[in-house]
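# Commentary on secondary and tertiary structure
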Amino acid sequence: MINTDAIFHVKGESQFIDDRLTPEGTLYAAVFTSPVAHGKIIKINTAPLKRIEGVVKVITASDIPGENQIGNIIQDEVLLAEDEVHYIGQPIAIVVGTKPEIVRKAVKLIRAKVEVLPPVFNPREAFKKGHLITPTRTFSLGDVNKTWKECDLIVEGTVESGGQEHVYLETQGAFSYPTEKNTIKVISSTQAPSTVQKIVARVLDLPIRMIEVDVLRIGGGFGGKEDQAVSWAAMTALASYKLKKPVKLVLRRKEDILMTGKRHPYSSDFKMGLKRNGKILAYENTFYQNAGASADLSTAIMERSLFHATNSYYIPNAKINCASCRTNFPPNTAFRGFGAPQAMFVIESAIFKAADELGVDPTVIQKKNLLKKGDVFPYGMKLQDGKMRKCWEVAGEKYKVEKIKERINKFNSNNKIYKKGISIMPICFGISFTSSFLNQASALVHIYTDGSVSVSTAAIEMGQGVNTKIRQVAAKVLSINIDRVEVLSTKTSRVANTSPTAASTGADLNGNATKVACKNLMERLRKVASDYLKVISAKDIQIIDEEVYIKGRKTGLKWDELVNKAYMNRVSLSAQAHYVTPNIFFDRNIEKGKPFAYHVFGIAVTEVTIDCLRGIYEIDSVKVVHDAGKSFNLLIDRGQMEGGIVQGIGWATIEELMYGDDGKLLTDSLATYKIPDIYFAPKDIKVHFLKDSNSLSGILKSKAIGEPPFLYGIGTYFALIKAIREFRLDLKVNFSIPITPEKVLLSLYEKI
Ligand code: MTE
Ligand code: QUE
Ligand code: MOS
């Protein structure tokens, strides 16, 4: 079944914030932001704006009726700066006027007198100064200190990974309008409508019930529209509350790139101890997370880094440390993988270095330490199944990895200018929000008297196909044609207290809630049928493909008639259901528990070719064996795989954020910040979903698919390093992402 939205997207009929018809009298907002990375505001001069026709109002912090505070997990972020600014692009004032062009022009005329204070951009420097978002945390298993002396080899090193801009197709934005009695409706491009609702209420000093947030769909989020979607919603809500007019704010691409947070850059240390045969005995590391100027989701992201520090390996002695460091960048935020990619790049680097010193291929160490059923993670959870090793075996056989290696060796000895490299990237990713309370969802299902059905859940459709999957679940449980089912917009007045659509849990949580609601409705309908057909027990009634059966015998009663009978008999055709992921918990006092419903596994085999004259490279193929459980939508899951892989490769290779010494982002457009296009994407992406797999707690036995494929992109880094090595044996690897063609070229020829 294809994604319900696909045809509308292609025809340009899908509505994003800026496509929605606006009422007459709609005003537009633009944001005046900090020109310096750290400073004290002396004076803001808005006088020149008085001369501009069409400017209606300039809003600053003093206009806020409630709290000037938008921090969610930690309340450390103002909506509009008051006396200090902490990053370039931090909002200071909002200009509201009759046209988008007018307010943008007006913003440029505002003058800020700011006393510049020294900024900090490096997370290690911030750490030394004690600028932490939260106290450091450590996960540990066994005893690393006692183990080092048992090791034949100990490798140490540092690893860097850069940030990443989300480049969702639809930039951030919101549209708010006032209704009766001071209530405000907010149309927001967000993954977290309840967060937006709660914080808008806080800013306006209104009860949450007076704010309604509605999201039809968003043009991509990738994690960037959880907490980061709040500002624009709050600004438009504040303006419309003050002016009693509809107000719209949709960022331009450049504004979005400059003002919003990105993936967290990490700077990390590792130490790994092994036996000569490649068995890892001990692993210790420290992540210095560059959090930016305020917490946003940094603490939760830091936690996921801790959980994924040992990737797909069993390591009996591990000590994982993480510090979330406050710097003068925009607050960094969720991005597909949520701290796991940064953590996995570190351990894969450690393995690569250890393999070098042992004189073996990294795959020898990878394979030797791969997780098996019953192994314990540093956070205390036991692995429930043996699919990790299964993926490794299947990949080896299916893609004939040894044959590829031979072919590559031959190619490399026959070519001077072009060199090929291959890598294997195993992944193991935990599914569930690591904050257990977030693992809940509700659904509201209505059957109308014509037999058509609407479903409302907490899920946000962002291109990942969750609405299609929910439609499939409803149609399957109700046993009706999928065309009868509509998934409605995600609205806080229909489904309340929602968790963000994140952590890859959208389909699992909301699909399961939908399933429960539909099951309840079916039970009622079977009772209606048994009463009408005078059958003693409703258990003997089946409803299959829109027909009613008694013990397998057709009755002639059809779905629409049955629904109508229920209505005429005053039986409710609406159901609300709540679902919670069973048996998960995590105790942060001892840093142990069972935080995940299950794990997703897979292996990617990546082949690359570099041009050693020019440093440019091509990704020949990425071949994956992936455990998606029992997928019920292979088309969507394949789409998520391909998109995730390419996005992960982008982070590892060409997406490079560059800043001036003053902290100004220089790569502020898609001309200077290059993301993968179709020519850069792997020539060949093969995806094999592991057969005979299922999941007990995923929806309809499937496994979550959203984030894990991103992690395969890390393999491209190591394939490139291997290829460079073929040209230059004495390459000193400095483990650093992204590995741009420019860096490849330099590494091929620079003097060591
Ligand atoms: N796919 C598309 N097309 N657009 C997106 O914004 N976000 C990713 C992933 N796939 C995203 C996407 C991220 S970060 C997550 S957490 C999941 O989708 C969220 O959706 P799900 O929980 O329904 O998988
Ligand atoms: C993965 C995620 C999220 C997460 C934990 C994960 C996420 C998110 C939160 C979160 C945590 C605490 C809060 C809150 C949100 O945790 O997206 O509001 O108080 O928002 O493992 O993707
Ligand atoms: Mo995804 S980073 O959990 O929105």
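For the structure itself, look to the data block above.
Residues numbered from 1 in each chain as written. Chains lettered and ligands numbered in written order. Predicted model: local features only at pLDDT ≥ 70, side-chain atom pairs only at ≥ 80, totals over all residues. Heavy atoms only, no water.

We now examine the packing of helix H16 (residues 634–653) against helix H17 (residues 714–727). Orientation of H16 relative to H17, taken along the N-to-C sense of each, is 50°, at an axis distance of 7 Å. Comparing their axes, H17 and H16 come out oblique. With respect to the hand of their crossing, H16 and H17 are arranged in right-handed fashion. Residues Ile649, Trp651, Ala652 and Thr653 of H16 pack against Ile714, Thr716, Tyr717 and Leu720 of H17. Per-class residue counts for the contact of H16 with H17 are 6 nonpolar, 2 polar and no charged. (Axes fitted to C-alpha atoms, helices over the stretch in contact; angles between N-to-C directions. Helix = DSSP H or I, 4+ residues; strand = E, 2+ residues; numbered from the N terminus. Parallel < 35°, antiparallel > 145°, perpendicular 65-115°, else oblique. Left-handed = near helix turned anticlockwise from the far one by under 90°. Contact = heavy atoms within 4.5 Å. Nonpolar A, V, L, I, M, F, W, Y, C, P; charged D, E, K, R; others polar.)

Moving on, we get to a nonpolar patch on the surface. A cluster of nonpolar side chains, Ile417, Tyr418, Leu613, Phe727 and Tyr749, forms an exposed patch at the surface whose accessible area comes to about 470 Å². Within the secondary structure, Tyr749 sits in helix H18 (residues 741–749). On the basis of relative accessibility, which here comes to 43%, the residue Tyr749 falls in the partly exposed class. (Patch = residues over 30% accessible without salt bridge, like charges linked within 9 Å, V, L, I, M, F, W, Y side chains within 5 Å. Areas by Shrake-Rupley, 256 points an atom, 1.4 Å probe, with all protein chains shown as cover. Salt bridge = Lys/Arg side-chain N within 4 Å of Asp/Glu carboxyl O. Buried < 20%, exposed > 50% of the residue type's maximum accessible area, 1.4 Å probe, protein only.)

Before going further, it helps to spend a moment on the site of ligand 2. Looking at ligand 2, there are 16 residues lining it, with Asn72, Glu226, Arg304, Thr434 and Leu438 nearest. Arg304 is positioned such that a nitrogen or oxygen atom in its side chain is 2.8 Å from an oxygen atom of ligand 2. Within the backbone of Thr434, one N or O atom sits 3.0 Å away from an oxygen atom of ligand 2. Protein burial of ligand 2: of its 450 Å² of free accessible surface, 91% is covered by the chains. Cavity membership is defined here by more than half of the atoms lying within 2 Å of grid points; on that basis ligand 2 lies in the second largest pocket. In the shell around ligand 2, the residues fall into 10 nonpolar, 4 polar and 2 charged. (Near = heavy atom within 4 Å. Polar contact = N/O pair within 3.5 Å; in protein donor to acceptor, adjacent residues only side chain to side chain. 1 Å grid on protein atoms, 1.4 Å probe; cavity = no way out; pocket = protein on both sides within 12 Å on 5 of 7 lines; lining within 4 Å. Sits in = over half its atoms within 2 Å of the grid points.)

Turning to the pattern of salt bridges, a few remarks are in order. Summed over all chains, the structure comprises 36 salt bridges. Where Asp214 meets Lys491, a salt bridge forms, and the shortest distance between an N and an O atom there is 3.8 Å. Highlighted residues: Asp214 in strand E11 (residues 211–215) and Lys491 in strand E20 (residues 490–491), separated in sequence by 277 residues. Given the relative accessible area of 12%, Asp214 is considered buried. Asp361 is the partner of Lys722 in a salt bridge, and the nearest nitrogen-oxygen pair spans 2.6 Å. Of this pair, Lys722 sits in helix H17 while Asp361 sits in the loop between helix H9 (340–358) and helix H10 (362–368), and the two are 361 residues apart along the sequence. A single salt-bridge network, built from bridges that share partners, covers Arg137, Glu303, Arg588 and Glu591.

The subject of this paragraph is the packing of helix H5 (residues 193–204) against helix H6 (residues 230–243). Direction vectors running N to C along H5 and H6 enclose 40°, while the axes themselves pass 9 Å from each other. In terms of axis orientation, H5 runs oblique to H6. In terms of crossing hand, the pair formed by H5 and H6 is right-handed. Contacts between H5 and H6 pair Thr195, Val196, Ile199, Val200 and Leu204 from the former with Val230, Ala233, Ala234, Ala237, Leu238 and Tyr241 from the latter. Of the residues belonging to the contact of H5 with H6, the class tally is 10 nonpolar, 1 polar and no charged.

Further remarks concern the site of ligand 1. Ligand 1 sits among 18 residues. The nearest are Gly221, Phe222, Met462, Gly506 and Gln640. Contact between ligand 1 and Gly221: an oxygen atom at 2.7 Å from a main-chain N or O atom of the residue. In the model, an oxygen atom of ligand 1 is placed 3.0 Å from a nitrogen or oxygen of the Gln464 side chain. Taken by itself ligand 1 offers 520 Å² of open surface, and the protein chains cover 92% of this. Its residues placed into classes, the shell around ligand 1 shows 6 nonpolar, 10 polar and 2 charged.

Take the sheet that holds strand E2 (residues 39–45) next. In a beta sheet, neighbouring strands pair by backbone hydrogen bonds and run either parallel or antiparallel. With respect to topology, 3 strands assemble into an open sheet ordered E4-E2-E6, the strand pairing being antiparallel. Each end of this open sheet is capped by a strand with a single partner; those strands are strand E4 (84–85) and strand E6 (111–116). Inspection of the sheet shows E2 paired to E4 by 2 bridges, in the antiparallel sense. Across the sheet, the residue bridging to Gly39 is Val85, located in E4. (Pairing = 2+ DSSP bridges.)

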